[in-house]
Amino acid sequence: MASIIALVILGLLWGGVYLLMAEGLNLIYGVMKVVNLAHGDLIVFGGLLGYSLFAHAGFTPIAALLPVALVLGALGAVVQWGILERIPLVGADGELRTLLATFGLSYVVSNTSFLLWGGQFQSIPFLQGALRLGPIAIPEGLLACSLAAFIAALLVDFWLHRTLAGKALRATAQSPLGAASCGLEIRRIRIIAFALGTAMAGGAGALVIALVPFQISSGGDLTVQSFTLIALGGLGNYLGAWIAAEILGLAEVLSQYYLGPDIASAIIYLLFIAVLLFRPQGLLGRLGRV
Amino acid sequence: MTRLIIEIVVLAGLALAGVMIALGANAYVVQLLFSTALAVTLAVGWNLIGGMAGYVSFGQVAFFGLGAYAGALAMLTWALPWPLAIVLAASLAALLAWPLGRIMLRLSGIFFALGMFGLARVAQIIVNALAITGGPMGTSIPTAEGPAATAMAMVALATGAVALTMAISRARFGLRLAALRDDAIAAAAAGVDTSRVKVMAFCASAGLAAAAGALYARNVGYIDPASGFAGTIELQTVLMVLAGGIGTVWGPVLGGVLISLLSTVLWARFPTEQQIILGALTLVLAIAMPGGLASIPPLSLWLRRPPLGVFKPTAFTPTAMEKAPAAVAVNGESAVLACRGLGKRFGGVVAVAGVDLAVAPGEILAVIGPNGAGKSTLFDMLSAFSAPSSGEIRFRGAPRGTMPPHLLARAGLARTFQTSRLFPRLTVFETVLLAATSHHPRWRDAEQATSALLVATDLVGDAERFPDALPPGRQRLLEIARALALAPAVLLLDEAMAGMTVAEIARVQAVLRAAAGRGTAIIAIEHVLPAIAPLAMRALVLDNGQTIAEGAPDAVLADPVVIEAYLGVDAMALAS
């Protein structure tokens, strides 16, 4: 019994990290209706950047969160300005072209990571102890990272809903034409949204690398994981994404424990395809959109 | 015809050159030939589903890996001769792709692309975990008797793949694929079984990728999960198609040759930066040249899809047009299409609330009503594009039940759409021909029916043009011609005359009168009555999803209830 409770707690904590990972993708999708296929590779890039900060300057993952997010945010702004802004988003061709462009970008990012950090698995030893609550042990590292992820996700959410800039961004997500006719500069808002999205990817990467070792080829998995999450939660839906993140966290932890890592990694994909086929509108449907 | 001969000569020349290189050149060049032919096969295979059907996949490498393993295991465990093992691998993949495609192709766009990516990963995980495949370490296969044999087999496969797409682009199937890619709903309305067409393209694509994989494994003599399901293969395949020209017949060939030679150079000079270069190239192409090399003149002129169908000028007397099947007795019922208590609700909103309606063969019924009255929803239910919440529909004397729209279209229920749904990449002639082939099993008959319809709708001069080049009124005319090409028993027109000039309206009225004279029942939705009044024998007025008046057009128009529905109570008071 105690082990199941421990697993559930682990799963829920993992949900926080998944949420941060997926919320960046969600934000970008919400505003631009573009799925950034390089998302997972940017998470990996952020994680390895955090690793370097740790190895050379002794940054803990929590301390690395902000600088990594800033670097990735700047990178995201450049990508949006230099690439995606150049593709008109009208019609089926627009979607196809952004898909192909970010598909190409994902290989550029992962190969760059490979050149910078090599192909080995990297990890950061961080808070190796465990918090004991009676018979249940919770790894301190996971607890800290999960809290940091929740706080980061909440801050972004607060920014989106309570500040004028955030409201402008949400308005653009709901109707670019309407927002533009209210005098908002859509181009700038898109760049901000993309930068914020990649900053969140980077921040998530900096935290995740302290929890599981990863290497450059993990990018595709992380993209699909993040996409599963927002598809499960409903594209562009925050409450749904949070619930989905918890479900995914639980599914991942429980299947790892009971079925082994091989099957666990396959389950994510099967879950993904099942979600797409049977619940394409997401868990909550249209409730609680951006 | 000359175009076909040129293409055959070019293809034969390429194949012959391949064979001569395989027989005469040194081992390095023969390997280069092998990888180039492999690239062309993969690109052509990917283009079938990603380009011609319009379903971009990031997981076709799954079939490459599957084929490599299936071929290897067939050679190892059953000691099959290698050509047989390759055929087996390709058949297995194509067979497996059928149920898989039926499931996966319900997705589209990014969902299908990523879903396929996920499937490829699952396949890799499975192969990695199995003992029979050698797990992560992979499997060795007895190597080929020198590279010449496999290189020639690869050239033959590539040639076959190109010949296949050449044939498809000239056949009914290619026309249907192009329509599916442009607008799946309009294709279904023209009688195309869209899910069957795309699954067939998916199977062919899978079979080609698997055959290529099996030959690859045979050539290398070794296969492991990392090389069988390599992301680089997927990236390179997508890039080749993009560079050459997505959706064209020769673009993938061009892109395949160029990019595979480029990768060979990259592999030698920048072994670790390969993906950056290929990825960046994909990026730049997606931004700057999405049509690939095939979109650059004069290539664009040479490589564009050959227009299908030949105008048959001898056949345009009205008698050559099909007699509508509705003219014959329909199980003793006078109505060819009828519905009773038909209702539709979306959540809490009732769009249509219990509508009764019936049309007899040759009758023209006008359905009018203000905005939001439920007219288009009614049409969607009648044409099986949406399922009713309540009520019953009878078609040709029997309950219609649930029936996919394309079958209903083939059974003789044709429709147009409120906002024109035409195929941007099909010519006017091809648009009508597409629907005509759904009705006429023989190609020649379909061409004749199409020619007759173009004469009747005065679109002959536009036959070779694309719909975008037509003014709105003529686009509507084309949609009506497409619907009539199904030789329908019932024709549903959704505001067909909106945006037409007076001359065009007169033309449509003549065409509709002729169709009704042949026994086609016509139900026409119009926002306002005048356009349809001269034709209509009966009018039905909908408001808030209910029938508020029915009868002769003049009587209906004078009905105070109808005036109130259009103008509101205040206007009534004002008038009196």
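These numbers were taken from a predicted model, which means no experiment stands behind them.

Student: I would appreciate a short explanation of the overall build of chain B in the present structure.
Tutor: Within chain B one finds 23 helices and 12 strands. The C-alpha extent of chain B, read off along each of the three principal axes, is 95 × 50 × 45 Å. Out of the 576 residues belonging to chain B, those deemed buried represent 55%. With 37 positive and 32 negative side-chain charges, chain B shows a separation of 8 Å between the mean positions of the two kinds.

Student: Any chance you could explain the packing of helix α5 (residues 140-162) of chain A against helix α6 (residues 164-174) of chain A here in plain terms?
Tutor: Relative placement of two packed helices is described by the angle separating their axes and the distance separating the axes. Residues and elements named next belong to chain A. Two numbers describe how α5 lies on α6: the axes approach to 5 Å, and their chain directions differ by 80°. By the angle between their directions, the pair α5 and α6 is classed as roughly perpendicular. Residues Trp159, Leu160, His161 and Arg162 of α5 form the contact with α6, whose participating residues are Leu164, Ala165, Gly166, Lys167, Leu169 and Arg170. In terms of residue class, the contact of α5 with α6 is built from 5 nonpolar, 2 polar and 3 charged.

Student: Could you clarify how one ought to interpret the environment of B:Ala515 in this entry?
Tutor: Residues and elements named next belong to chain B. Structurally, Ala515 is set in helix α20 (residues 502-517). Considered as a pair, Ala515 and Ala487 are 28 residues apart in the sequence and their alpha carbons are 8.9 Å apart. Among all residues touching Ala515, those that are not within four sequence positions of it are Leu484, Thr520 and Ile522.

Student: Looking at this structure, how should I read the domain arrangement of chain B?
Tutor: How big an interface is tends to be stated in terms of accessible area lost as the parts join. Residue and element names in this part refer to chain B. By domain assignment, chain B separates into domain 1 (2-227) and domain 2 (318-575). If you average the C-alpha positions of domain 1 and of domain 2, the two centres end up 43 Å apart. With 17 residues of domain 1 in contact, the opposing surface of domain 2 contributes 25 residues. Summed over the three residues of domain 1 that lose the most area to domain 2, namely Arg172, Leu175 and Asp182, the buried surface amounts to 32% of that side. For the pair domain 1 and domain 2, the number of links is 2 salt bridges. For Asp182, the salt bridge identified is with Arg425, shortest N-O distance 2.3 Å. Here domain 1 is connected to domain 2 by 7 residue pairs in polar contact (both at pLDDT 80 or more). Going through the elements one at a time, α7 (172-182) and α8 (184-189) are the ones with two or more residues in the side of domain 1 that touches domain 2. Among the elements that take part in the side of domain 1 that touches domain 2, α7 stands out by supplying 7 residues, more than any other.

Student: Would you take a moment to explain the sheet that holds strand β12 (residues 546-551) of chain B for this structure?
Tutor: Two modes of strand pairing occur in sheets, parallel and antiparallel, and in both the strands are linked by backbone hydrogen bonds. Residue and element names in this part refer to chain B. Across the sheet, which stays open at both edges, the 6 strands sit in the order β8-β9-β10-β5-β11-β12 with mixed pairing between neighbours. On the outer flanks of this sheet lie β8 (413-415) and β12, each paired with one strand and no other. With strand direction ignored, the average angle separating the axes of adjacent strands in the sheet is 20°. In terms of strand pairing, strand β9 (residues 490-494) meets strand β10 (residues 521-526) through 5 bridges, oriented parallel. Directly across from Leu492, in β10, lies its bridge partner Ile523. Each of β8 and β9 is contacted by helix α19 (residues 472-484), which is oriented at about 160° to β9, the strand it contacts most.

Student: I would appreciate a short explanation of the interface of chain B and chain A in the present structure.
Tutor: At the junction of the two partners, chain B supplies 39 residues and chain A supplies 37 residues. Here chain B and chain A share an interface that buries about 3,300 Å² over both sides, 80% of which is from carbon and sulfur atoms. Across the contact surface, chain B and chain A share 1 salt bridge. Of the charged contacts in the structure, one is a salt bridge between A:Asp221 and B:Arg121, with a shortest N-O distance of 2.9 Å. When residues of the side of chain B that touches chain A are traced back to their parent elements, those giving at least two are α4 (82-104), α5 (109-129), α11 (231-244) and α13 (274-288) of chain B. For the side of chain B that touches chain A, the leading source of residues is α5(B), giving 13 residues. Tallied by class, the residues present in the side of chain B that touches chain A amount to 24 nonpolar, 10 polar and 5 charged.

Student: Whenever I open this one, the pairing of strand β4 (residues 349-359) of chain B confuses me. Can you help?
Tutor: Two faces belong to every sheet, and in a regular strand the side chains alternate between them. All names here are of chain B. Alignment of strand β3 (residues 337-346) against β4, held across 7 bridges, turns out to be antiparallel. Bridged to Leu342 within β4 is Val355. Taken together, β3 and the strand that follows it, β4, pair antiparallel across an intervening segment of 2 residues, in which Gly347 is found at a positive phi of about 60°.

Student: When you look at the pairing of strand β6 (residues 390-395) of chain B in this model, what are you seeing that I'm missing?
Tutor: Residues and elements named next belong to chain B. Judged from the 5 bridges that link them, β3 and β6 form a sheet pairing that is antiparallel. Counted as the bridge partner of Cys339 is Ile393 from β6. Of the pairings in the sheet, the one linking β6 to strand β7 (residues 398-399) comprises 2 bridges and is antiparallel in character. Across the sheet, the residue bridging to Phe395 is Ala398, located in β7. Linking β6 back to β7 in an antiparallel pair, the connection comprises 2 residues, with Arg396 at a positive phi of about 50°.

What counts, and at which threshold
Residues numbered from 1 in each chain as written. Chains lettered and ligands numbered in written order. Predicted model: local features only at pLDDT ≥ 70, side-chain atom pairs only at ≥ 80, totals over all residues. Heavy atoms only, no water. Helix = DSSP H or I, 4+ residues; strand = E, 2+ residues; numbered from the N terminus. Buried < 20%, exposed > 50% of the residue type's maximum accessible area, 1.4 Å probe, protein only. Lys, Arg positive; Asp, Glu negative; His and termini not counted. Charge placed at Lys NZ, Arg CZ, Asp CG, Glu CD. Axes fitted to C-alpha atoms, helices over the stretch in contact; angles between N-to-C directions. Parallel < 35°, antiparallel > 145°, perpendicular 65-115°, else oblique. Contact = heavy atoms within 4.5 Å. Nonpolar A, V, L, I, M, F, W, Y, C, P; charged D, E, K, R; others polar. Domains from an automatic or database assignment. Buried area = accessible area lost by both parts, 1.4 Å probe. Salt bridge = Lys/Arg side-chain N within 4 Å of Asp/Glu carboxyl O. Polar contact = N/O pair within 3.5 Å; in protein donor to acceptor, adjacent residues only side chain to side chain. Pairing = 2+ DSSP bridges.

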